[in-house]
Amino acid sequence: MQSVPHMNGIGLRQPHYREFRAARPSLGFVEVHSENFFNPHDAAAQVLAAVRRDYAVSLHGVGLALGSACGVDDAHLEQLAALVERIEPVRVSDHACFARAPWSQRGIIHANDLLPIAFTHGSLDILCSNVGQVQERLKRPLLLENLSAYLDFAERDFSEPQFFAELGRRTGCGFLLDVNNLMVNALNADEPDPLQSVCNWIDELADIAAPGFVGEIHLAGFSAQAGLIIDDHSSPVSEPVWQAYRHALKRLGPLPTLIEWDEHLPAFSVLLGEAAKAEALCAAHRVARAAVAGVAA
Amino acid sequence: MSPAPQFKKPRMSEAQRQRELIDAIFSPRAADASCAGTQQNGAQWQMGLAAYRGNGRAHACNALRVQFPTVLAMLGTETFDALCFSYWRTCPPRRGDLAWVGEELPAYIETLETLAEWPWLADCARLDWAVWQMSGAPPATFAESDLRRLVDGDPAALSLKLSPSVRRLSSAWPIVTLYDAHRQAHPDWEAITRAIAQNHAQTAWVWRPHEDLAAAPSVELLDAASDRWIAALDAGQTLDIALDSAGETFDFAAWLEQAIRQGWLDAVADRHAPSDAMGNA
């Protein structure tokens, strides 16, 4: 019997490099933060080149700041383009956020964070223009990820799923669904039933977005800090997020899924365990779908 | 009497909305929720703002700890993190790549009155930054043709171009001694205090072996003759003038053997060669 290839991956972080190379785990892909590998001359570049020989690599950026009204940084884009050329990644993604803006006498600064954008027509125009520029330079579609936001803007013309579905229609980009971010937002908004709120969000997107719009799912852990739930990727995926993930698989079908863990990194085996859990859920959905298709035929 | 006309508040442009949120995050004054047009106000607004400030500070601190290990060891974690936060608020990053976040830290340290009693700290930060930069510098491109040119050419027309993976850094303070001392698991504080009190100027030579990108850059103390020699090469002087500057004690053959082996040289330029002459004009 032929084994089904793995779909899911892990975020590869520097403290795990050695163990990763020794273990050579079965994974569908490995995801890295693009900016950490911009420099082709440092040690990290060698590590990534070696990883790429054995694995599909997904490049996940945190610095393009695609929602910035002042545009994207051309130098940053050129570095990303060079990295894409070197690595030939399976996917390239970044966030639907802004980070660049003029400040004081300093000119344009970069907040080095994922700051929220408004879900307005104006914001959509900016995002479409910037995403279009990046996709043209990279000669491939991007995936845009939804944010965990600690502030949001009163003015809005769209619900968040409507906003992203429209972005996909106008630019041809795909979507990276971060289920943990939805949960963080629901908890911070004091939703009476956060899990239901997240499932409703996923349902709305699944109902209106073009088929195949969602290209990847992110799962991670969060923590409570000073009155807010913070998306710090510092712990195992929470049970409500696993439940929301099951719902996403049901609505969207099995999708490449990443376990993100950036702070307080666990033993490598723990990270692989989380990925295996996501893999098992995906496999179960594949089997269920095949069975339903068989009955229908 | 007719009712007063109702004017809808004009919408904020996205550029204005983003400028105001950035200003609220980075400005030291108390920020007002209404300016950025967020849903949250009062304590909710302050918590959201604190989350973004906390994220930004954590990202900057994490990167700066890696980029400035000597400054971190000198100041201790608490003071270093406070320095990072004030630096991040005063000199917000210009790029979305944290590899560059420390670019202005040495100059920022010089502006701080609170650190004025540690006048060597800015130069120690410059040395840390040089080491960080060299760890990702392109390797040397020195080729056999360069060596042939060096053997056959006229010293009055030849100049040596240093590799981008080497850096010479002069200071009025004993920066190499301080750098080495803070690499130790148990620094010899008496030796450190003595070095500072003696106030010896030092020049550091930072380089990364060209055949091992994973190797950490080396930091060495340049002796006076080598310092004059490298300074002359840095200034683009021809070989004969650079050798004159270095003086009689400088062993060019030994230096050249090591330079080729370690990848300190990028090219040999010949002013008599048309393409090089243009490049050096």
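This structure is a prediction, so every number in the text was calculated from the model and none was measured. (Residues numbered from 1 in each chain as written. Chains lettered and ligands numbered in written order. Predicted model: local features only at pLDDT ≥ 70, side-chain atom pairs only at ≥ 80, totals over all residues. Heavy atoms only, no water.)

### A word on helix H1 (residues 14-26) of chain B
Next, step 1: The end-to-end C-alpha distance of H1 of chain B, which contains 13 residues, comes to 18 Å, matching closely the 18 Å that a straight helix rising 1.5 Å per residue would cover.
Next, step 2: Among the residues making up H1 of chain B, those that are buried are Glu14, Arg17, Gln18, Leu21, Ile22, Ala24, Ile25 and Phe26 of chain B. (Helix = DSSP H or I, 4+ residues; strand = E, 2+ residues; numbered from the N terminus. Expected span 1.5 Å × (residues − 1). Buried < 20%, exposed > 50% of the residue type's maximum accessible area, 1.4 Å probe, protein only.)

### A look at the sheet that holds strand S3 (residues 202-207) of chain B
All names here are of chain B.
Next, step 1: As summarised here, the arrangement of the three strands in space is S2-S3-S4, forming an open sheet in which the pairing is antiparallel. Two strands in the sheet have a free side with no partner beyond their single neighbour: strand S2 (166-171) and strand S4 (218-221). For this sheet, the mean angle separating the axes of adjacent strands, direction not counted, is 20°.
Next, step 2: Across four bridges, S3 lies against S4 in antiparallel orientation. Its bridge partner being in S4, Trp205 is matched across the sheet by Glu220.
Next, step 3: Strands in contact with helix H7 (residues 121-134) are S2, S3 and S4; relative to S2, the strand with the most contacts, it is inclined by about 180°. (Pairing = 2+ DSSP bridges. Axes fitted to C-alpha atoms, helices over the stretch in contact; angles between N-to-C directions. Contact = heavy atoms within 4.5 Å.)

### Examining a nonpolar patch on the surface
Next, step 1: There is a patch of nonpolar side chains on the surface, built from Leu147, Val151 and Ile260 of chain B and spanning about 230 Å² of accessible area.
Next, step 2: By the element assignment, Val151 of chain B lies in helix H8 (residues 144-152). (Patch = residues over 30% accessible without salt bridge, like charges linked within 9 Å, V, L, I, M, F, W, Y side chains within 5 Å. Areas by Shrake-Rupley, 256 points an atom, 1.4 Å probe, with all protein chains shown as cover. Salt bridge = Lys/Arg side-chain N within 4 Å of Asp/Glu carboxyl O.)

### Thoughts on the sheet that holds strand S7 (residues 143-145) of chain A
Residues and elements named next belong to chain A.
Next, step 1: The strand order S1-S2-S3-S4-S7-S8-S9-S12 describes a closed barrel built from eight strands, whose pairing is parallel. Going from strand to strand, the sheet's axes swing by 25° on average, the running direction of each strand aside.
Next, step 2: Of the pairings in the sheet, the one linking strand S4 (residues 91-95) to S7 comprises three bridges and is parallel in character. If you follow Asp94 over to S7, its bridge partner there is Leu144.

### Here's the deal with the nonpolar core
Next, step 1: Residues Leu177 and Leu219 of chain A are the most contacted members of the largest nonpolar core, which totals 144 residues.
Next, step 2: For this core, the domains that each give at least three residues are domain 1 (1-118) and domain 2 (119-281) of chain B.
Next, step 3: Ranked by size, the runner-up nonpolar core spans 23 residues in total, among them Leu222, Ile230, Ala246 and Phe250 of chain B. (Core = buried A, V, L, I, M, F, W, Y, C linked by side-chain atoms within 4.5 Å. Domains from an automatic or database assignment.)

### Looking at the domain arrangement of chain B
Residues and elements named next belong to chain B.
Next, step 1: Domain annotation of chain B identifies domain 1 (1-118) and domain 2 (119-281).
Next, step 2: Put simply, the middle of domain 1 and the middle of domain 2, counted by C-alpha atoms, are 37 Å apart.
Next, step 3: Of the residues lining the interface, 21 residues belong to domain 1; the matching set on domain 2 comes to 15 residues.
Next, step 4: For the pair domain 1 and domain 2, the summed buried area comes to about 1,700 Å², and 72% of that belongs to carbon and sulfur atoms.
Next, step 5: For the interface between domain 1 and domain 2, the tally reads one salt bridge.
Next, step 6: Between Glu110 and Arg126 there is a salt bridge whose closest N-O contact spans 3.0 Å.
Next, step 7: Counting across the interface, domain 1 meets domain 2 through seven residue pairs in polar contact (both at pLDDT 80 or more).
Next, step 8: At the level of secondary structure, the elements contributing two or more residues to the side of domain 1 that touches domain 2 comprise helix H3 (42-67), helix H4 (69-75) and helix H6 (105-111).
Next, step 9: Counting residues per element, the side of domain 1 that touches domain 2 draws most heavily on H4, which supplies six residues.
Next, step 10: Considering only residue class, the side of domain 1 that touches domain 2 consists of 15 nonpolar, three polar and three charged. (Buried area = accessible area lost by both parts, 1.4 Å probe. Polar contact = N/O pair within 3.5 Å; in protein donor to acceptor, adjacent residues only side chain to side chain. Nonpolar A, V, L, I, M, F, W, Y, C, P; charged D, E, K, R; others polar.)

### Here we look at the packing of aromatic side chains
Next, step 1: This model, assessed by the stated rule, comprises 25 aromatic pairs over all chains.
Next, step 2: With 5.9 Å between their ring centres and 25° between their planes, Trp118 of chain B and Trp120 of chain B make a pair best called stacked.
Next, step 3: Owing to a relative accessible area of 12%, Trp120 of chain B belongs among the buried residues under this scheme.
Next, step 4: Ring geometry for Trp229 of chain B against Trp255 of chain B: centres 5.4 Å apart, planes inclined by 80°, an arrangement best described as edge-to-face. With a gap of 26 residues between them, Trp229 of chain B in helix H11 (residues 224-234) and Trp255 of chain B in helix H13 (residues 252-262) connect regions that are remote in the sequence. With respect to burial, Trp229 of chain B and Trp255 of chain B carry one shared label: buried.
Next, step 5: An aromatic cluster is present here, built from Phe119, Phe158, Phe163, Phe164, Phe175, Trp201 and Phe213 of chain A joined pairwise through their rings.
Next, step 6: Sitting above the plane of the Phe85 of chain B ring, Arg57 of chain B keeps its charged end 4.4 Å from the centroid.
Next, step 7: The aromatic ring of Trp100 of chain B is capped on one face by Arg95 of chain B, whose charged end is 4.0 Å from the ring centroid. (Phe/Tyr/Trp six-rings, centres within 6.5 Å; stacked < 30°, edge-to-face > 60°. Lys NZ or Arg CZ within 6 Å of the ring centre and 35° of its normal.)

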